[in-house]
Amino acid sequence: QLDPENTGFIGVETFASLVHSHELPLDPAKLDMLVALAQGNDEGQVCYQELVDLISSKRSSSFKRAIANGQRALPRDVLLDETGLGFYKRFVRYVAYEILPCEMDRRWYFYQHRTCPPPVFMAAVTLTQIIVFLCYGARLNKWVLQTYHPEYMKSPLVYHPGHRARAWRFLTYMFMHVGLEQLGFNALLQLMIGVPLEMVHGILRISFLYLAGVLAGSLTVSITDMRAPLVGGSGGVYALCSAHLANVVMNWAGMRCPYKLLRMVLALVCMSSEVGRAVWLRFSPPLPASGPQPSFMAHLAGAIVGISMGLTILRSYEESLQDQCGWWVLLLSYGTFLLFAVFWNIFAYDLLGAQIP
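Residues numbered from 1 in each chain as written. Predicted model: local features only at pLDDT ≥ 70, side-chain atom pairs only at ≥ 80, totals over all residues. Heavy atoms only, no water.

### Quick word on the environment of V249
Here is step 1: Structurally, the position occupied by V249 is in helix 11 (residues 234–250).
Here is step 2: Relative accessible area serves as the criterion here: at 49%, V249 is assigned to the partly exposed category.
Here is step 3: Between the C-alpha atoms of V249 and K260, which are 11 residues apart in sequence, the distance is 9.7 Å. (Helix = DSSP H or I, 4+ residues; strand = E, 2+ residues; numbered from the N terminus. Buried < 20%, exposed > 50% of the residue type's maximum accessible area, 1.4 Å probe, protein only.)

As C-alpha cells, then:
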C-alpha cells in the first residue's frame, strides 16, 4: 500500500509515522541508523532491503558493532545541526563529509574518532621529502630541476636501471624530486588527500596503498622504460588520488563534499597537467643532458593501483578486507605483477641487450 509502484522505497516521514502509529518493536538504535540511511540519499527515502538487513543484523558495516552494543546508540543530529564544536571536531566532521559516502559511516566515524593514533605516515613521508630536497638544494645550490645536476642522479636514493641490484632504490626514489614544482604538487596532495584518508582508514591501509603505488611505479618503469631513471613520489600520490576520485565517482549521490563536480574537474586537470609535464621533461628536456631524464610511467602505474586496489580499500571502511573475495583477487594480481617484474629485472636486460646510460 505504501509502495504502489514497487520501487522498494518509501519516504522517511511515512516510515516514521508508521513506526509511531503501529508502535513497532524496533530497536531505537536501529531506528536512528535507518533514518541516517534515509538521510544519505537525495530523496530522503527508506529502502526496504536495508530495513530487512538492519533488523536481521545482516548488514556488514561499521554500524554492526553499534547494533550489537545498545549503549552505543548515536544521536540523530550528530552531524547535521550540532553547534559549538571546537576547531578539531569541526575538522573531523569536514573529513567525514569529504571521504565517506554513506551517512551512517560518517556519523559513526565522527562519533568514535579518537586523536590517537594521529595520521603520522603521510606527514612523516612529506616532511622527509622536503628535508631531502632542501639538503640537496643547499649542497648543489640548485633549487629547480635538480635532476640536471650530475651529482643529483648519483644519489643512492634514486632509482637507476644500472643499479637495479640495490633493491632499496625501488622504494627510496620517492624521497627525491625533479624540482620544486614536483615536490610542491606531491606534498600538497599528500597533505590535502592523504592525511584525511589516513584519518579515516588508518595508517596500515593508507601506507600499504601508498607504498604499493610507489613500488608499482618503479617496477613499471623498469619494464616499459628500461633506460630511464626515476625520482619523485608520484606513484604513491597518484594511487591515493585516483582511489579517492574513483570512490567519489562510484558514490556520487552519497558524497556531501561541496562543489564536488568543480573540484573533480580541477583535480583531473592538475593531475593530467603533471603527467604532461613529466612526459615533456622525459622526451624534450629544456636543457642538454648527459642521459635520459626521469620516466613518467610511475604516474600511470600509481593510478592503476589506486583505481583497482585502492578503490577496494576505500569502499571497505571499518570492514575486514580478508572477508572480501575481490580483495584477494587484486592482491594475487599485484603479487603476480611483482613476481614477473622481479624476473624481468634479473633476466630481461641481458637478454634484450638494453643499453643502460
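Now that the structure is up, let's keep going.
### A look at the UniProt feature "transmembrane region" (unreviewed entry) in the chain
Here is step 1: Under the present numbering, the feature "transmembrane region" (unreviewed entry) in UniProt falls on residues 120–139, 170–191, 203–223, 235–254, 261–283, 295–314 and 326–347.
Here is step 2: Secondary structure over residues 170–191 splits into 68% helix and 0% strand, and the C-alpha atoms at its two ends are 23 Å apart.
Here is step 3: Secondary structure over residues 261–283 splits into 100% helix and 0% strand, and the C-alpha atoms at its two ends are 33 Å apart. (UniProt positions renumbered as here; feature names shortened; annotations may be inferred.)

### Details of the pattern of salt bridges
Here is step 1: All chains considered together, the criterion is met by three salt bridges.
Here is step 2: A salt bridge links R282 to D225; the nearest nitrogen and oxygen atoms lie 3.0 Å apart. Here D225 lies in the loop between helix 10 (203–224) and helix 11 and R282 lies in helix 12 (residues 260–283), a separation of 57 residues in the sequence.
Here is step 3: For R282, a relative accessible area of 12% puts it in the buried group.
Here is step 4: Among the ionic pairs, R277 bridges to E274, the shortest N-O distance being 3.0 Å. In this pair, R277 and E274 are both assigned in helix 12, three residues apart and thus about one turn of the helix distant.
Here is step 5: The class for R277 is buried, based on a relative accessible area of 16%.
Here is step 6: The exposure class assigned to E274 is buried, which follows from its relative accessible area of 5%. (Salt bridge = Lys/Arg side-chain N within 4 Å of Asp/Glu carboxyl O.)

### Section: the confidence of the model for the chain
Here is step 1: Counting all residues, the mean pLDDT for the chain is 82, and 82% of those residues have values of 70 or more.
Here is step 2: This stretch, residues 59–73, has a pLDDT under 50; its non-local contacts, to residues over four places away or in other chains, come to 31 contacts. (pLDDT = per-residue confidence, 0-100. Contact = heavy atoms within 4.5 Å.)

### Observations concerning a nonpolar patch on the surface
Here is step 1: On the surface, a nonpolar cluster with roughly 740 Å² of combined accessible area is contributed by L339, V342, F343, I346, F347, L351 and L352.
Here is step 2: With respect to the element layout, L351 can be found in helix 14 (residues 325–352). (Patch = residues over 30% accessible without salt bridge, like charges linked within 9 Å, V, L, I, M, F, W, Y side chains within 5 Å. Areas by Shrake-Rupley, 256 points an atom, 1.4 Å probe, with all protein chains shown as cover.)

### Quick word on helix 9 (residues 180–201)
Residues separated by three or four positions in an α-helix point in the same direction, a consequence of the helix having 3.6 residues per turn.
Here is step 1: With 22 residues, helix 9 ought to run about 32 Å at 1.5 Å a step, and its terminal C-alpha atoms sit 30 Å apart, in line with that.
Here is step 2: The largest bend in helix 9 is about 35 degrees, located at G194, with the proline P196 one to four residues further on.
Here is step 3: For helix 9, the buried fraction is high: 16 of the 22 residues fall into the buried class.
Here is step 4: Remark: G202 follows helix 9 within two positions and exhibits a positive phi of approximately 95 degrees. (Expected span 1.5 Å × (residues − 1). Bend = angle between axes of the 7 residues up to and from the residue.)

### A word on the packing of aromatic side chains
Here is step 1: Applying the stated criterion across every chain, the model contains 10 aromatic pairs.
Here is step 2: Taking 6.5 Å as the distance between ring centres and 75 degrees as the angle between the ring planes, the aromatic pair formed by Y109 and Y317 counts as edge-to-face. Of this pair, Y109 sits in helix 6 (residues 103–112) while Y317 sits in the loop between helix 13 (297–314) and helix 14, placing them 208 residues apart in sequence. Here the two residues Y109 and Y317 agree in accessibility, since each one is buried.
Here is step 3: Relative to W344, the ring of F340 has its centre 5.9 Å away and its plane inclined at 45 degrees; by these criteria the two rings are tilted. (Phe/Tyr/Trp six-rings, centres within 6.5 Å; stacked < 30°, edge-to-face > 60°.)

### Side note on the nonpolar core
Here is step 1: Of all hydrophobic cores here, the largest spans 74 residues; its most connected members are Y109 and Y210.
Here is step 2: Setting aside chain neighbours within four positions, we find Y109 in contact with V92, V95, A96, L100, M199, V200 and Y317.
Here is step 3: With six residues, the next largest nonpolar core counts F15, V19, V46 and L51 among its residues. (Core = buried A, V, L, I, M, F, W, Y, C linked by side-chain atoms within 4.5 Å.)

### Some remarks on the packing of helix 5 (residues 87–99) against helix 6
Here is step 1: Remark: helix 5 packs on helix 6, axes separated minimally by 9 Å, with the N-to-C direction vectors making an angle of 155 degrees. With respect to helix 6, the axis of helix 5 lies roughly antiparallel. Two packed elements cross with a definite hand, and for helix 5 against helix 6 that hand is right-handed. Contacts between helix 5 and helix 6 pair K89, V92, R93, V95, A96 and Y97 from the former with E103, R106, Y109 and F110 from the latter.
Here is step 2: Looking at the contact of helix 5 with helix 6 residue by residue, the classes come out as six nonpolar, no polar and four charged. (Axes fitted to C-alpha atoms, helices over the stretch in contact; angles between N-to-C directions. Parallel < 35°, antiparallel > 145°, perpendicular 65-115°, else oblique. Left-handed = near helix turned anticlockwise from the far one by under 90°. Nonpolar A, V, L, I, M, F, W, Y, C, P; charged D, E, K, R; others polar.)

### A look at the layout of surface pockets
Here is step 1: In this structure, the largest pocket spans a volume of roughly 580 Å³.
Here is step 2: Lining the largest pocket are 24 residues, with M192, I193, H244, R263 and A267 sitting closest to its centre.
Here is step 3: Those elements that provide at least two residues to the lining of the largest pocket are helix 5, helix 9, helix 11 and helix 12. (1 Å grid on protein atoms, 1.4 Å probe; cavity = no way out; pocket = protein on both sides within 12 Å on 5 of 7 lines; lining within 4 Å. Points joined across faces, edges and corners; volume = space filled by probe spheres on them.)

### Describing unusual backbone geometry
Here is step 1: Backbone geometry at Y259 places phi at a positive 55 degrees, although glycine is not the residue there.
Here is step 2: Tracing the sequence through the fold places Y259 in the loop between helix 11 and helix 12.
Here is step 3: Y259 sits in the exposed class, given a relative accessible area of 65%.

### Observations concerning empty space enclosed by the protein
Here is step 1: This model, assessed by the stated rule, comprises one cavity of 30 Å³ or more.
Here is step 2: Taken as a whole, the largest cavity encloses approximately 80 Å³ of empty space.
Here is step 3: The wall of the largest cavity is formed by V178, Q182, V231, R277, A278, L281, R282, P294, S295 and H299.
Here is step 4: Residue contributions to the lining of the largest cavity peak at four residues, all from helix 12.
Here is step 5: Partitioned by chemical class, the residues of the lining of the largest cavity number five nonpolar, three polar and two charged.

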